[in-house]
Amino acid sequence: QMVDLETLKFDQGGHTMSNRECQLPPGSFRTQKKGYEEVHVPALQAPPPGPGERLVPLGDLPSWAQPAFKSMDTLNRIQSRVYPSALFKPDNLLVCAPTGAGKTNVALLTLLHLIGQHVVRNKATGEPAQPTRAQAEAGIEVPVHRDAFKAVYIAPMKALVQEVVANFGRRLAPYGIAVRELTGDSQLTKAQLADTQLIVTTPEKWDIVTRKSGERLFTQLVRLVIIDEIHLLHDDRGAVLEAIIARTIRHIETTLDACRIVGISATLPNYEDVATLLRVKPDGGLFYFDNSFRPVPLQQQYIGVTEKKAIRRFQLMNEICYEKALEQAGRAQVLIFAHSRRETAKTARAIRDAALDAGTLGRFLRDDSASREILTTEAPTCQNRDLGELLPYGFAIHHAGMSRADRTLVEDLFGAGHVQVLVSTATLAWGVNLPAHTVIIKGTQVYNPEKGAWAELSPLDVMQMFGRAGRPQFDTEGEGIILTTHSELQYYLSLLNQQLPIESQLVARLADNLNAEVVLGTVHDVREAADWLGYTYLYIRMLQNPALYGTSASELRDDPLLEGRRMDLAHSAAVALDRAGLVRYVRKTGQLQATDLGRVAAHYYVAHETMTTYNEYLKPSLSDIDLFRLFALSREFAHMSVREEEKAELLKLVERVPIPIKEGVDEPTAKVNVLLQAHVSQLSLDGFALVADMVYVTQSASRLLRALFEIALKRGWAALANRLLQTCIIVDRRMWLSQTPLRQFRDAKGKLVLPEDIVGKIEKKDFPWERLYDLQPNEIGELVRYPQMGRTIHKLVHQFPRLELSAHVQPLTRTVLRVELTITPDFQYDFKVHGGAEQFHVLVEDVDGESVLHHEVFVLKQRYAEEDHALTFTVPIGDPLPPQYFVRAVSDRWLGSEAVLPVSFRHLILPEKYPPHTELLDLQPLPAAAAGDLGAKLFSGRLREFNPIQTQVFQTLFHTDDNALVCAPGGSGKGVLAELALLRFVASHGGEGSPARCVYLAPFGALVESRAREWAGRLAEVTGLRVARLKGETASDLKALERAQVVLATPQDWDALSRRWKQRKAVQAVRLVIADELHLIGGEPGPAMEVVVSRMRYMAAQLDVPVRVVGLGASMANARDVAEWLGARAQTGTFNFHPAARPVPLEVRIQSLDAAHVPQRLLAMSRPAYHAVAAHASADRPALVFVPSAKQALLTAVDMLTHARGEGHAERFLHCPAEELAPHLAQIQDDEVRNLAAAGVGVAHESLAPGDVRVVEALLDAGVISLCVASRGVCWRLSARVHLAVVMDTVSFDGAEHRYVDYPLADVLRMVSRAGRAGQDDLGRAVLLCHTSKKPFYKKFLYEPLPVESHLHHFLHDHLCAEVVTRTVENKQDAVDYLTWTFMYRRLTRNPNYYNLTGTSHRHLSDFLSDLIESTLQDLDHARCVLIDEDGMDVSPLNLGMIASYYYIGYTTVELFASSLAEGTKLAGMLEILSAAGEFASLPMRHREDLLLESLAKHLPLSVAGGGFHEPP
């Protein structure tokens, strides 16, 4: 049922008053005076101490806690009562106490409880350990394990945040605790966040942080959340606080993290409701202290002005201020709060003038007093004219617009008692602690730019101001006086006498907060949304006061938990979000799915109404004029109005701003537009309200413009995205494109590094910016006619971020290009200027510059600022072929830092069209018995009949000796096809005792191992064939080859043996070669596979013997070329089935995430991966989750269990009693893997013992556990098939290149193809989670055949050297002939550009092969591996070449050893030479492994030279 959320929200916001009357304490009285009414409330006296109540002396605190309270002797009454719970118990806490009662120390006690859990202790005694010498020198008194925890302190205002940072930073210094501010103005880098233990932030900022699931990298360490001024729930901003609290509590319940929540608030009537919200136990965690516990009792006066006329009301308030100040004149100081900077001086002057007229000035400041002399002396030093004029009379003013020196002077003079009356803005209430005996709040109307009108003071401000009344060290009683309109009297009486119930403001922001939860992944449907509402303060107040929230008493009676009402609210919010395009809401199922717009809105904190506006008006052709106009239409400025008195100033501004404004100045949008441009142009404004409006507009500008930029990127609008990014930087930098980029160099205070006149000269010169790079310092000095500045300007010009781009383009198919982009930083990196990293947007645009074909973020880190960086990505290409694309790299924060590279396609030759795939015929499945008696035995118990693909290729494999290529999707039973070929081999060449050999080749050792285990048992038993696996040791492999008839090997192992085929009879006896996973010829193991298969065919031709070659692989786009290379006939020997032709259909869902930072992205993927597993996996439907690394496998396994536990299904993945599982677990050596398997989640990664992986696989196959998390490194080792395969991200860290690189496509296909079990599943499911930029690539290649290309030309040296050594190649012509046997030779003319050929004619081909052979042999000759004769044709081997060939090592390695080794080389030198071998270059360098190696190196007997621990050598 729909609910009108607009009618439910409180129009008065934080000014909502749900109580009808206000009970005042005894002794209160009212008096009527002309024009106003006074209400006097007496000061409440503190209750006497209870029996046994005492103030806790500092000495009672544990010794480790005392350094935080150095300036105190005892805790006060409130702190003493809360002390046992705060410091010694982990329970949630709510402390309600008056302002100034020392609540900050309560927060500090809870922080100390957390620190106490992580104090470094002496293992023998358990006492806190003594600091080390280095720690003592750093001022640390109590060593703490600082990396184990974090705490968050949420304060409502920036001023308060800064106060807390300063206070706690000082008091926690003895523990080495880093305290930092995290607000809109002060961002923290990831390194700073990692290094910070206490983060002090505002509610909005923490909301943004926790909205992003990737930020869990540090939020998962948070063990304490302190929410200061929690009565802010009642304020307009209260919805933010509710969202944070609900999110935190749900997170704690889901993850079972030990996180404590502490609420601190002023005294309020319905504190029990707030305690319920925070899950505080009433008996142990709830502490309530009323106003009688104020350190100085407060006498209050409420003055309600009844005067209606504005001028008269203003005069009357001044008169009242004078009278009240006069009552204290000469006895106590008075602090008056006014609400604008101009008003402070006006008020002070009015009181002074009234005193002059009445002749009472002497009562404020006696003529003969020392104070008068001091004030008269100081007055001339004031920069502020009003202050200088008022000081001699004992009056002063204070506001943020004054200079720092003037404000400090006023604070000092007031603190010392010389100034009697101080008139200030609210800054003094928040920033500086300067109490006075009497506080007067003059009027309660303040300008609110968000509402575009004058509004009532927030309760927070009023309480804070009254908190300044009464000086604890001097006064026994303070006095607070508030002047307001008569209509507001009741509200302020209720507020300050604990009669104003705190209500929820969530309804006003319900849709936006629901969107944030949907994007975060914590809410998936309306039912979950209703559950989420159950965690909010809105729900608690709906139960207590249903009528106020539109719920009838009968509704509450029929539905005591208000489930129906919550469903209605959730449904209404979901409908609003669906209309705005922020979520997809399926009403039938209630499902909620985030959209790109929704993600942008959540991450940039944009209201859904604003997103609707953007959706409607954002077009790719918008000009700058339209952009600024669209910005002004944002709902955030809906209440902005144009006042009559502002029009003249706005008209002046309209003429001065650079971008024309179409609307008249009467329009609010014109005002927003002009204020934003005035901010960029750094124009000064006069009107107070106009300045406030400008601040409000500019605070929102950066966020809203970034949101627009993201939307333009998501829609692929290149020109608009570039324009918006420029606009974002223009607003951030406050400069226009027409100004020189040198204006962006500023010091820490924001001042220009260069003098303004120099910058002006450069701008007037109209000298092209790019040409400044070519000038020398002296030439630049002459240009600006200031020779001394030449060097400085030259340095800044060369510090300006500048990139050089170069691209290499290779066509993969006729519709996809691979681009290898090399980025070279061409500027001097300086940490002070650039920080730890610079971010660039890399965009590929079409020929018109209209569409974004690819976008990714490139981060240049300081460590690698002088190195080249490579990015590899694919872009689509259409027909007809466009003339060119543009690659653009644009800085994220430097205006004018842009590199553009046109990539021309003039000479691009696209590959030939691929032949059609083989149709899967509708044949009657053949029974296993069709394979004869041996076949029936071999397949018995495994399959009764062959699947459609096996049936179709049966005739060729089993009844002929023809070469064959079978390409079929994963799960098609290609292992059975290999066995059919083996059965034919037995039939043709005899079984046991036959000299004929069969070689099975698979690209990875894990595949060979798995197949060897399988065949050594079953196949050997049925056929009598002896099966052996080659291990890579030449001597033992030769013996195995002599002994066995079926040999299994990797291409490298077989290459080492078969190189000398002329001398080895066993190699010559090979009659069947089965090349499995042949599509990997385009990957890392490809060149070796290509060489050995080519060699076997070459050997057969040379010896004139029949060698059958059977190739098996995934569906390939260019299978005909592979078949031709294998010698398979096109009609009868080539079978290339489409990827969709699976025996078990596969449903693949690709889900993309936008987080560029990989660890953050993996964290964000955890929840979607779990939901996929929860939806589809069960005891009889196991799931396999693939992650990038071994460490991530363990983390993800724990995450999966945590999510399951959070949903109340802790045993979800375990389907076997513990006692039955125990014997299997005992076989697992790794403790972590064993513990996880005991909980139902298997883990497999490359660092585990093979036995552990086998046990985990067996448990998964048997249905004992239903989930296994595997690292990418074991995807080829695992043979388990499952119902669901989830791939969490498609990149892994490459330590050699210091970047994340994409998985080979074959690896992704392998992972996805694990889903779908023949005979058990009707449908297999796969979920691929990847980065947004990769989604189009996987959408294409997961559903289409794989294009395969050769890489042999990159690895030809070693293979050619081996052929020269074995005399297969004796001259250059032999070498060219040798290449004609390869797969590469067949692809050269089919896809010439991929191999850098410029044409397809015979001459182009001949030239390419000749050049390739020539350059390769020249390199080998230089390396002293071969010798080219004087005639330049004949080639003979040398010793180094023979050694390289025999030991199967690279020619560069042999050359390195020969040139580096000397007779006197010692052990350290040998190790260094050995470590530099090229074979180790491919060793994976994992993330942060360099730090581990560096610490390890300190404990080695021999020192490690070089110290470059991020390099594999």
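Our subject is the structure listed above.
Since we're looking at a predicted model, the values are computed, not measured.

Parameters and conventions
Residues numbered from 1 in each chain as written. Predicted model: local features only at pLDDT ≥ 70, side-chain atom pairs only at ≥ 80, totals over all residues. Heavy atoms only, no water. Helix = DSSP H or I, 4+ residues; strand = E, 2+ residues; numbered from the N terminus. Buried < 20%, exposed > 50% of the residue type's maximum accessible area, 1.4 Å probe, protein only. Pairing = 2+ DSSP bridges. Axes fitted to C-alpha atoms, helices over the stretch in contact; angles between N-to-C directions. Salt bridge = Lys/Arg side-chain N within 4 Å of Asp/Glu carboxyl O. Polar contact = N/O pair within 3.5 Å; in protein donor to acceptor, adjacent residues only side chain to side chain. Contact = heavy atoms within 4.5 Å. Core = buried A, V, L, I, M, F, W, Y, C linked by side-chain atoms within 4.5 Å. Phe/Tyr/Trp six-rings, centres within 6.5 Å; stacked < 30°, edge-to-face > 60°. Lys NZ or Arg CZ within 6 Å of the ring centre and 35° of its normal.

Peer 1: What exactly am I supposed to notice about the side chain of threonine 918 here?
Peer 2: Topologically, threonine 918 is positioned in the loop between β26 (898-904) and α36 (932-939). A relative accessible area of 19% means that threonine 918 is categorised as buried.

Peer 1: Would you mind showing me how to read the sheet that holds strand β20 (residues 803-811) here?
Peer 2: Consider a sheet: its strands pair through backbone hydrogen bonds, and that pairing is either parallel or antiparallel. Spatially, β20-β21-β24 is the arrangement adopted by the three strands of the open sheet, whose pairing is antiparallel. Edge positions in the sheet fall to β20 and β24 (869-876), since each has one partner strand and no second. Mean inter-strand twist for the sheet, computed between neighbouring axes without regard to direction, equals 25°. Examined bridge by bridge, β20 and strand β21 (residues 816-825) share nine bridges and lie antiparallel to one another. Its bridge partner being in β21, leucine 805 is matched across the sheet by isoleucine 823.

Peer 1: Help me understand the pattern of salt bridges in this model?
Peer 2: Working definition: two side chains of opposite charge can pair if their charged atoms are close together. Summed over the entire model, instances satisfying the criterion amount to 77 salt bridges. For arginine 133, the salt bridge is made with glutamate 137, and the minimal N-O distance between the two is 3.6 Å. Of this pair, arginine 133 and glutamate 137 both sit in helix α4 (residues 133-137), four residues apart, which is roughly one turn of that helix. Judged by relative accessible area, arginine 133 falls into the exposed class, the value being 70%.

Peer 1: Sorry, what's going on with the side chain of glutamine 420 here?
Peer 2: Secondary-structure assignment places glutamine 420 in the loop between α16 (404-415) and β13 (421-424). A polar contact of 3.1 Å, which involves the side chain of glutamine 420, links it to the backbone oxygen of glycine 417. In contact with glutamine 420, other than residues within four places in its own chain, are Gly330, Ala332, Gln333, Val334, Phe364, Gly394 and Phe414.

Peer 1: It is not clear to me how the nonpolar core should be interpreted in this structure. Could you clarify?
Peer 2: Within soluble globular proteins, side chains that are nonpolar generally end up buried alongside one another. The biggest cluster of nonpolar side chains holds 156 residues, and the ones touching the most others in it are Phe939, Leu980 and Val1286. In terms of residues, this core owes the most to one element, helix α38 (residues 974-989), which gives nine residues. By size, the runner-up hydrophobic cluster in this structure holds 136 residues, among which are Leu94, Ala511, Leu650 and Tyr696.

Peer 1: Where do I start with the sheet that holds β13 in this structure?
Peer 2: One open sheet accounts for eight strands, arranged β1-β2-β10-β17-β14-β11-β13-β12; its pairing is mixed. Each edge of the open sheet carries a strand with a single partner, namely β1 (29-33) and β12 (395-398). Taking the axes of each pair of neighbouring strands and ignoring which way they run, one obtains an average angle of 15° across the sheet. Along the sheet face, α16 touches β11 (334-337), β12 and β13 and points at about 135° away from the line of β12. Where helix α19 (residues 489-496) meets the sheet, its contacts fall on β1, β2 (36-41), β10 (298-305) and β17 (478-485), and the angle it forms with β10 comes to roughly 165°.

Peer 1: Help me out: how do you make sense of the packing of aromatic side chains in this one?
Peer 2: Each aromatic ring pair is described using two quantities: the centre-to-centre distance and the angle formed by the ring planes. Enumeration according to the criterion identifies 29 aromatic pairs in this entry. Ring geometry for phenylalanine 631 against phenylalanine 637: centres 5.2 Å apart, planes inclined by 55°, an arrangement best described as tilted. Looking at phenylalanine 631, the relative accessible area reads 0%, which means it is buried. Taking 5.2 Å as the distance between ring centres and 70° as the angle between the ring planes, the aromatic pair formed by tyrosine 1000 and tryptophan 1015 counts as edge-to-face. With tyrosine 1000 in strand β28 (residues 997-1001) and tryptophan 1015 in helix α39 (residues 1005-1023), this residue pair connects regions lying 15 residues apart in the sequence. The burial state of tyrosine 1000 is the same as that of tryptophan 1015; both residues are buried. Grouped by ring-pair contacts, the aromatic residues Phe745, Trp769, Tyr773, Phe800 and Trp894 constitute a single cluster. Its guanidinium or amino end placed over the ring of tryptophan 894, arginine 733 lies 4.5 Å from that ring's centre, counting from NZ or CZ. Against the face of phenylalanine 1341 rests lysine 1340, its NZ or CZ located 6.0 Å from the ring centre.

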